Each structure stands twice: as structure tokens, then as C-alpha cells.
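Fold and geometry: a report
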Amino acid sequence: MTPLRLGYLYGLGAYLLWGFFPLYLKLLRPAGPLEILAHRIVWSVVFVALLLAALRNVGFLRALLRRPWAVAGIVAAAALIAVNWGTYIYGSIPIGWWRPRSVTSSTRWSWCCSG
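Below you will find a few notes about this structure. This one's a predicted model, so the numbers in the text were calculated from it and none came from an experiment. (Residues numbered from 1 in each chain as written. Predicted model: local features only at pLDDT ≥ 70, side-chain atom pairs only at ≥ 80, totals over all residues. Heavy atoms only, no water.)

1. Here's the deal with the overall build of the protein chain
Assigned secondary structure in the protein chain consists of five helices and zero strands. Helices and strands appear in the protein chain in the N-to-C order α-α-α-α-α. The buried share of the protein chain, taken over its 115 residues, is 15%. Put simply, of all contacts in the protein chain between residues at least 6 apart along the chain, 68% involve residues at least 24 apart. Carbon together with sulfur atoms contributes 72% to the accessible area of the protein chain, which is approximately 9600 Å² in total. (Helix = DSSP H or I, 4+ residues; strand = E, 2+ residues; numbered from the N terminus. Buried < 20%, exposed > 50% of the residue type's maximum accessible area, 1.4 Å probe, protein only. Contact = heavy atoms within 4.5 Å. Areas by Shrake-Rupley, 256 points an atom, 1.4 Å probe, with all protein chains shown as cover.)

Structure follows, in C-alpha cells:
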């Protein structure tokens, strides 16, 4: 198989995964968008830490931590990725499905602003 055809197949697979991902988000109905994003961040950190420990490849982290501009760039990239994922999660779920059932459209802000 040529690299071009393989690239097309990878692209198609990525589009299919991104297209079906909102169906997975519907299964997480009790959780809100920020909770879903927080779980994604925490479990990604756990997975990467376990992967680095299994590969015994943590030496480069010490060298990276000695370069503050590199760490700042990674933190900025992580923040942008978190905003991107948060926007995707928030945009993929129907409006209001993560709010408590007692909230109706007529009392939209009463749950947060009533005394």
C-alpha cells in the first residue's frame, strides 16, 4: 500500500472517530463539560506517566525542566489544547443536558442567581 493511500485511510479513520465521539459524550450524561474535560486531563497524565515509567524514559524531563522557556511553551500549548477540547465537548453536547433536571427554560438563571 502506498503512503498516500495509507494517509487517506488514516484521515478517514480520524474523521470517523471524531464523528462518533459525540455519541460517546452522550453516555456521560450525568457529567458536565468541565468534568469530562478534567477527567480527560487527569487520565491522560496518568497514562503518559505510566508509559514513561514503563519505557524508563524520564531522563529527558529533568533536562526539560531546566529550560523555563520550553516549559512555558508546553504550558501554553496545553492551555490551548484544553480550550480546544473544552470547546469541542461543549459544542458536541445538546444544550442543557448536563444541567440538573429541575432547571427549566423559564427559570434559566434561578439555579445560580436566586437568593
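2. Some words on the nonpolar core
One finds L25, A31, I36, L37, W85, I89 and I93 forming the largest nonpolar core, which totals seven residues. Elements supplying a minimum of two residues to this core: α2 (33-55) and α4 (68-92). (Core = buried A, V, L, I, M, F, W, Y, C linked by side-chain atoms within 4.5 Å.)

3. Comments concerning the packing of helix α1 (residues 3-27) against α4
Relative to each other, α1 and α4 sit at 70°, their axes nearing to 9 Å. Between α1 and α4, the interaxial angle falls into the category roughly perpendicular. Considering only the axes of α1 and α4, their crossing is right-handed. Only W85, Y88, I89 and S92 of α4 make contact with α1, whose side of the interface consists of W18, F21, P22 and L25. (Axes fitted to C-alpha atoms, helices over the stretch in contact; angles between N-to-C directions. Parallel < 35°, antiparallel > 145°, perpendicular 65-115°, else oblique. Left-handed = near helix turned anticlockwise from the far one by under 90°.)

4. Notes on the packing of α2 against α4
Here α2 crosses α4 at 135°, and the two axes come no closer than 9 Å. In terms of orientation, α2 and α4 fall into the oblique class. For the element pair α2 and α4, the recorded crossing hand is right-handed. Within the contact between the two elements, α2 uses P33, I36, L37 and R40 and α4 uses A82, W85, G86, I89 and Y90. Taken together, the residues of the contact of α2 with α4 sort by class into seven nonpolar, one polar and one charged. (Nonpolar A, V, L, I, M, F, W, Y, C, P; charged D, E, K, R; others polar.)

Take it as geometry only, folks, not as evidence of what the structure does.
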